[in-house]
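# Per-entry structural report
Okay, here's what each chain looks like letter by letter:
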Amino acid sequence: NQYIEHQQPWVLAKKEDQSQLHQVLYHVLELIRMVSVAIAPLMPTLSDQIRSKLSLDKILCVKGADALSDALQIGILKAGADTHKGESLFQRIES
């Protein structure tokens, strides 16, 4: 959240040059992809749902520190890759 608050993509979206906006959104999507890797052993269904929205394959198995380190590198998502909007992954809690 701090990264998004600091970068203010809603402000960047109003600028003529969209390159910085694209970079910010790419980094946010990469972080979401990394979360999908990290949670896969504990929440495989949620991980699969996240990866589906990012047009990525399911994680079958990440074995060993090297494989995990590779999976958590920045730059795995292809620039311009499709994302899919769908139902929210978490239910909103109203206070």
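### Observations concerning the overall build of the protein
The number of helices and strands found in the protein is five helices and zero strands. Walking the protein from its N terminus toward its C terminus, one meets helices and strands in the order α-α-α-α-α. Scored against the burial criterion, the 95 residues of the protein give a buried share of 21%. Taking contacts inside the protein between residues at least 6 apart in sequence as the whole, the part at least 24 apart equals 54%. Within the structure as shown, the protein displays about 7600 Å² of accessible surface, and the carbon and sulfur contribution to it stands at 55%. Charged side chains in the protein number 10 positive and 11 negative. The centres of these two groups are separated by 3 Å.

### Side note on the packing of helix α3 (residues 19-39) against helix α4 (residues 44-53)
Between α3 and α4, the least distance of the axes is 8 Å, while the angle of their chain directions is 155°. In terms of orientation, α3 lies roughly antiparallel with respect to α4. Considering only the axes of α3 and α4, their crossing is left-handed. Residue-level contacts link I32, R33, S36, V37 and I39 of α3 to P44, L46, S47, I50 and R51 of α4. Grouping the amino acids of the contact of α3 with α4 by side-chain chemistry returns six nonpolar, two polar and two charged.

### Points about the environment of G75
Assignment of secondary structure puts G75 in the segment after α5 (64-71). Once residues within four sequence positions are removed from consideration, G75 is found in contact with Y26 and E30.

### Concerning the pattern of salt bridges
Under the defined criterion, the tally for this structure stands at one salt bridge. R33 serves as the salt-bridge partner of E30, at 2.5 Å between the closest nitrogen and oxygen. Here R33 and E30 lie together in helix α3, a separation of three residues that amounts to about one turn. The pair formed by E30 and R33 is uniform in burial state, with each residue classed as buried.

### Comments concerning a nonpolar patch on the surface
A contiguous nonpolar surface patch, about 330 Å² in accessible area, is contributed by Y3, I4, W10 and V11. Listing elements by their share of the nonpolar patch, those giving two or more residues are α1 (2-7) and α2 (9-12). Of note, Y3 is situated in helix α1. For Y3, a relative accessible area of 31% puts it in the partly exposed group.

Parameters at a glance
- Residues numbered from 1 in each chain as written.
- Predicted model: local features only at pLDDT ≥ 70, side-chain atom pairs only at ≥ 80, totals over all residues.
- Heavy atoms only, no water.
- Helix = DSSP H or I, 4+ residues; strand = E, 2+ residues; numbered from the N terminus.
- Buried < 20%, exposed > 50% of the residue type's maximum accessible area, 1.4 Å probe, protein only.
- Contact = heavy atoms within 4.5 Å.
- Areas by Shrake-Rupley, 256 points an atom, 1.4 Å probe, with all protein chains shown as cover.
- Lys, Arg positive; Asp, Glu negative; His and termini not counted.
- Charge placed at Lys NZ, Arg CZ, Asp CG, Glu CD.
- Axes fitted to C-alpha atoms, helices over the stretch in contact; angles between N-to-C directions.
- Parallel < 35°, antiparallel > 145°, perpendicular 65-115°, else oblique.
- Left-handed = near helix turned anticlockwise from the far one by under 90°.
- Nonpolar A, V, L, I, M, F, W, Y, C, P; charged D, E, K, R; others polar.
- Salt bridge = Lys/Arg side-chain N within 4 Å of Asp/Glu carboxyl O.
- Patch = residues over 30% accessible without salt bridge, like charges linked within 9 Å, V, L, I, M, F, W, Y side chains within 5 Å.

Any link to function would need more than the numbers given here.
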